[in-house]
Amino acid sequence: MAQVDFLKREEVRDVYQKNARFYDLAVLLYPLIGIRIGRWRRLIMEELDLRRGDTVVEIGCGTGLNFARLEENVGRKEKIIGVDISEAMLEKADERMRAAGWDNVELICCSAADYRFEGRVDGIVSTGALTFDPDYDKVIERGAEALAPGRKWVVLDYKMPDNWLRHLAPLFVAFTRSFGVSLALMERHAWESVERHLGHTKMQELYGGFVYVVSGEAP
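One structure accompanies this document, and this report is about it. Please read these numbers as outputs of a predicted model, since none were measured by experiment.

On to the overall build of the protein chain, then. Summing up its helical and strand segments, the protein chain has seven helices and seven strands in all. When the helices and strands of the protein chain are read in sequence order from the N terminus, they spell out α-α-β-α-β-α-β-β-α-β-α-α-β-β. In summary, the protein chain has a C-alpha radius of gyration of 16 Å against a globular reference of 17 Å for 219 residues, a match within 12%. Residues counted as buried form 53% of the 219 residues belonging to the protein chain. Long-range pairs, those at least 24 residues apart, make up 73% of the contacts in the protein chain with a sequence separation of at least 6. Roughly 10,500 Å² of accessible area belongs to the protein chain as shown, and the carbon and sulfur atoms make up 51% of that amount. Across the protein chain, the 30 positively charged side chains and the 35 negatively charged ones have centroids separated by 3 Å.

If you want it as structure tokens, here you go:
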């Protein structure tokens, strides 16, 4: 059977539709292979530097695993917008939202490229999702235009290491393939788009270079 590169939106949507019910459990198991996703999510929030009263957009919100931390930062009276291409993932996010009593979260089902930012926003974040959209550069550009001056776009995503660990990339893909990761996908350079469209960028590599966090400020 031919390998799927997960470079098309439809391929990504299908894999998350299929695995939505198991997603949260799989994330809980990530530490078993050294993926410190909880620590990385805290790092993302530090980079976002959100404040009470802010409006924040999450591109590829999935089942809403970042919502609790976003709520802590912006407060329950302000707006969190979660965008995802998978209806099944958003159904889980809606369950999480209702169970927690968050009435300030708006869920939007569409691809990242089809989402249109409305008005100014105070922060944009994407965790392991933006690279899946082939038009990620346009998404980052639109987000940069929507950000209030001095506010941040923060992206955590996958990449191919530029060190000897790249030889272990097939093993990394084997562990993460059920969530749409492929060798071809890891060759996309979304951080370069952040550097192109925003200022004061900062990048940190994680997990031996297989993962990175990059942030940039709107001028």
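On we go from here.
Take the pairing of strand β7 (residues 211-217) next. The buried fraction of β7 is high, at six of seven residues. Judged from the seven bridges that link them, strand β5 (residues 147-158) and β7 form a sheet pairing that is antiparallel. Counterpart to D157 in the pairing with β7 is Y212. Judged from the six bridges that link them, strand β6 (residues 199-206) and β7 form a sheet pairing that is antiparallel. For E205, the partnering residue across the bridge sits in β7 and is Y212. Hairpin connection, β6 to β7: the antiparallel pair is bridged by four residues, and Y207 has positive phi, about 55°.

Attention now goes to the pattern of salt bridges. Under the defined criterion, the tally for this structure stands at 15 salt bridges. R151 is the partner of D122 in a salt bridge, and the nearest nitrogen-oxygen pair spans 3.6 Å. Of this pair, D122 sits in strand β4 (residues 121-127) while R151 sits in strand β5; the two residues are 29 residues apart in sequence, bridging distant segments of the chain. Comparing D122 with R151, the two get one shared label, buried. Among the ionic pairs, R196 bridges to D137, the shortest N-O distance being 2.6 Å. In this pair, R196 is assigned in helix α7 (residues 190-197) and D137 in helix α5 (residues 136-146), connecting sequence segments 59 residues apart. Of the residues examined, R196 reaches a relative accessible area of 53% and is grouped as exposed. One network of salt bridges, with partners in common, ties together R9, D133 and D135.

So, about the sheet that holds strand β1 (residues 56-59). Strands in a sheet are paired, the pairing made by backbone hydrogen bonds, and the direction either parallel or antiparallel. Strand order across the open sheet formed by seven strands is β3-β2-β1-β4-β5-β7-β6, with mixed pairing between neighbours. The strands lining the two open edges of the sheet, one partner per strand, are β3 (105-109) and β6. Sheet twist, expressed as the mean angle between neighbouring strand axes with direction ignored, is 15°. Strands β4, β5, β6 and β7 of the sheet are contacted by helix α2 (residues 37-48), whose axis makes an angle of about 160° with β5.

Turning next to the nonpolar core. One finds Y16, L48, F67, L70 and M186 to be the most contacted residues of the largest nonpolar core, which totals 48 residues. Looking at this core, the elements with two or more residues in it are α1 (9-29), α2, α3 (67-74), α4 (87-100), β5, α6 (169-176) and β7. When residues in this core are grouped by element, the largest group, seven residues, is from α1. Sequence-distant contacts of L70, that is, excluding residues within four places in its chain, are made with M45, L48, L50, V56, E58, G75 and I80. Judged by nonpolar contacts, the second largest core, of 27 residues, contains A113, I140, L147 and V194.

So, how was this worked out
- Residues numbered from 1 in each chain as written.
- Predicted model: local features only at pLDDT ≥ 70, side-chain atom pairs only at ≥ 80, totals over all residues.
- Heavy atoms only, no water.
- Helix = DSSP H or I, 4+ residues; strand = E, 2+ residues; numbered from the N terminus.
- Rg over C-alpha atoms; globule rule 2.2 N^0.38 Å.
- Buried < 20%, exposed > 50% of the residue type's maximum accessible area, 1.4 Å probe, protein only.
- Contact = heavy atoms within 4.5 Å.
- Areas by Shrake-Rupley, 256 points an atom, 1.4 Å probe, with all protein chains shown as cover.
- Lys, Arg positive; Asp, Glu negative; His and termini not counted.
- Charge placed at Lys NZ, Arg CZ, Asp CG, Glu CD.
- Pairing = 2+ DSSP bridges.
- Salt bridge = Lys/Arg side-chain N within 4 Å of Asp/Glu carboxyl O.
- Axes fitted to C-alpha atoms, helices over the stretch in contact; angles between N-to-C directions.
- Core = buried A, V, L, I, M, F, W, Y, C linked by side-chain atoms within 4.5 Å.

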